[in-house]
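Okay, here's what each chain looks like letter by letter:
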Amino acid sequence: MTTTPTKDQEAAAPPPGPASVKSPKRAPARHNRLLTRRDRVTLGLMAGVPTILHVALVWVTALASIALAFTTWDGIGFDSIKWVGLDNFKQLFTDNPQFWPAVQHNVIWFVVLILIPTPLGLFLAVQLDKKIRFSRVYQTAFFLPVVMSLAVIGFVWQLIYNPDTGLINSVIGANKPGHYIDWIGDPNLNLWAILVAASWRHTGYMMILYLAGLKGVDPSLREASALDSANEWQTFKNVIFPTLRPTNTVVLVVTIIEALRAFDLVFVFNKGAQGTELLSILVTNNIIGESSRIGYGSAIAVVLLVISLAVIIPYLISTFRKERRA
């Protein structure tokens, strides 16, 4: 006896056709290693060696200088290190006749750099931002002193200031016996002569910084100023210069650092003698030499470090605050 399937059973039955083939089970995928052992060793060396060198040559030496500032040490044997507390700093502030003139010279260095090459660099940047012909050539020419070694710049300007065959004395007629102008040996002139060479280099540095800031100015601001019938000076004073505030902050910090770390030019000219004393020169003279006073020189270095941090830390705090607000 046969029974006919109902409609529900027909609907539930699979449609006629070839038998369904079961899909094979996929083998679990193995996690491929992104880095082999050799890659890890290579990356470890690439990251570890520079880190170790940085810590050893920067942080360890800086902390060692701070610790040595409170001691006396002639540099021969660690047994000769003696703790003296604040005696080095007391002697530095009261008994050293070169310290305060050196501080004054560093301040003069900063004032000259901020008043002469900084505005001149801004002027050159504004002119080059106008896309004049051969602007790339001018940029290269003005920026060339920045990429040159300060020692090389010192030797070049020594030739210019030479009393007998120098360019300046030859032009003004002061290269004859009895009329020589000793630009390097005269204590009333040598600091200003060195500052001219430093300003020559610093101008190109400021030009590049301001030129980068001008490239970031929104062109619509210039167009709006032109629609208001503002001339070129009014546009720069009221529109462009206020937008350069971040660049001005960077320029200020860079100029202060340049004034504090000035060393190469002065050392090449006359090794910081005859009225060209700087804090960096005092550090070198006390640490390196026949009568090494490493503890005393470290105290001067700590003073220079504190002055630098007093400028850098507020700048970093303001920068981080702006990033958080953004």
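Cut-off values and rules
- Residues numbered from 1 in each chain as written.
- Predicted model: local features only at pLDDT ≥ 70, side-chain atom pairs only at ≥ 80, totals over all residues.
- Heavy atoms only, no water.
- 1 Å grid on protein atoms, 1.4 Å probe; cavity = no way out; pocket = protein on both sides within 12 Å on 5 of 7 lines; lining within 4 Å.
- Points joined across faces, edges and corners; volume = space filled by probe spheres on them.
- Helix = DSSP H or I, 4+ residues; strand = E, 2+ residues; numbered from the N terminus.
- Nonpolar A, V, L, I, M, F, W, Y, C, P; charged D, E, K, R; others polar.
- Salt bridge = Lys/Arg side-chain N within 4 Å of Asp/Glu carboxyl O.
- Buried < 20%, exposed > 50% of the residue type's maximum accessible area, 1.4 Å probe, protein only.
- Phe/Tyr/Trp six-rings, centres within 6.5 Å; stacked < 30°, edge-to-face > 60°.
- Lys NZ or Arg CZ within 6 Å of the ring centre and 35° of its normal.
- Expected span 1.5 Å × (residues − 1).
- Arc of directions from axis to C-beta.
- Contact = heavy atoms within 4.5 Å.
- Polar contact = N/O pair within 3.5 Å; in protein donor to acceptor, adjacent residues only side chain to side chain.

Asks: Where do I start with the layout of surface pockets in this structure?
Replies: Using a probe with the size of a water molecule, rolled over the atoms, empty space left in the structure can be pinpointed. Here the largest pocket defines a volume of roughly 530 Å³. For the lining of the largest pocket, the secondary-structure elements that each account for two or more residues are α2 (37-68), α12 (245-260), α14 (279-287) and α15 (294-325). Here the element with the most residues in the lining of the largest pocket is α15; it accounts for 7 residues. A per-class count over the lining of the largest pocket returns 11 nonpolar, 4 polar and 1 charged. Its volume calculated, the second largest pocket comes out at about 310 Å³. In terms of lining, the second largest pocket is formed by 13 residues, of which the most central are V126, K130, E232, F236 and I240. Among the secondary structure elements, those contributing two or more residues to the lining of the second largest pocket are α5 (117-128) and α11 (232-243). Here the lining of the second largest pocket gets 5 residues from one element, more than from any other, and that element is α11. In the lining of the second largest pocket, the residues fall into 7 nonpolar, 2 polar and 4 charged.

Asks: What am I meant to see in the pattern of salt bridges here?
Replies: Two side chains bearing opposite charge may form a pair once their charged atoms approach each other closely. The final tally for this structure, using the stated rule, is 5 salt bridges. In this structure, the salt-bridge partner of D129 is K215, at a minimum N-O distance of 3.4 Å. In this pair, D129 is assigned in the loop between α5 and α6 (135-147) and K215 in helix α9 (residues 190-215), connecting sequence segments 86 residues apart. Classification of D129 as buried rests on a relative accessible area of 15%. Between R222 and D129 there is a salt bridge, with the nearest N and O atoms lying 3.1 Å from each other. You can see R222 sitting in helix α10 (residues 219-227) and its partner D129 sitting in the loop between α5 and α6, a full 93 residues away along the chain. Using a relative accessible area of 30% as the deciding quantity, one classes R222 as partly exposed.

Asks: Can you help me understand the packing of aromatic side chains in this one?
Replies: To describe a pair of aromatic rings, you give the distance between the ring centres and the angle between the ring planes. Enumeration according to the criterion identifies 13 aromatic pairs in this entry. Plain terms: the ring middles of Y161 and W183 are 6.0 Å apart, the flat faces sit at 35° to each other, and that makes the pair tilted. Residue Y161 is found in helix α7 (residues 150-161), and its partner W183 is found in the loop between α8 (167-172) and α9; the two are separated by 22 residues along the sequence. For Y161, a relative accessible area of 3% puts it in the buried group. By way of ring pairs, the aromatic residues W157, Y161, W183, W200 and F269 are connected into one cluster. Positioned over the ring face of Y296 is R293, at 4.2 Å from the centre of the ring.

Asks: Could you clarify how one ought to interpret α7 in this entry?
Replies: For an α-helix, the turn length of 3.6 residues means that residues three or four places apart are oriented alike. With 12 residues, α7 should reach 16 Å at 1.5 Å per residue; the first-to-last C-alpha distance of 16 Å fits that figure. Turning to α7, its buried residues are L150, I153, G154, W157, I160 and Y161. Around the axis of α7, the buried residues are gathered within 115° of arc, so they sit on the same side. Pointing more than 90 degrees away from the buried face of α7 are the exposed residues F155 and L159. On its buried face, α7 sits against α6, α8, α9 and α13 (264-270). Between a side-chain oxygen at the N-terminus of α7 and the backbone nitrogen of A151 the separation is 3.3 Å; the capping residue is S149.

None of this, on its own, says anything about what the molecule does.
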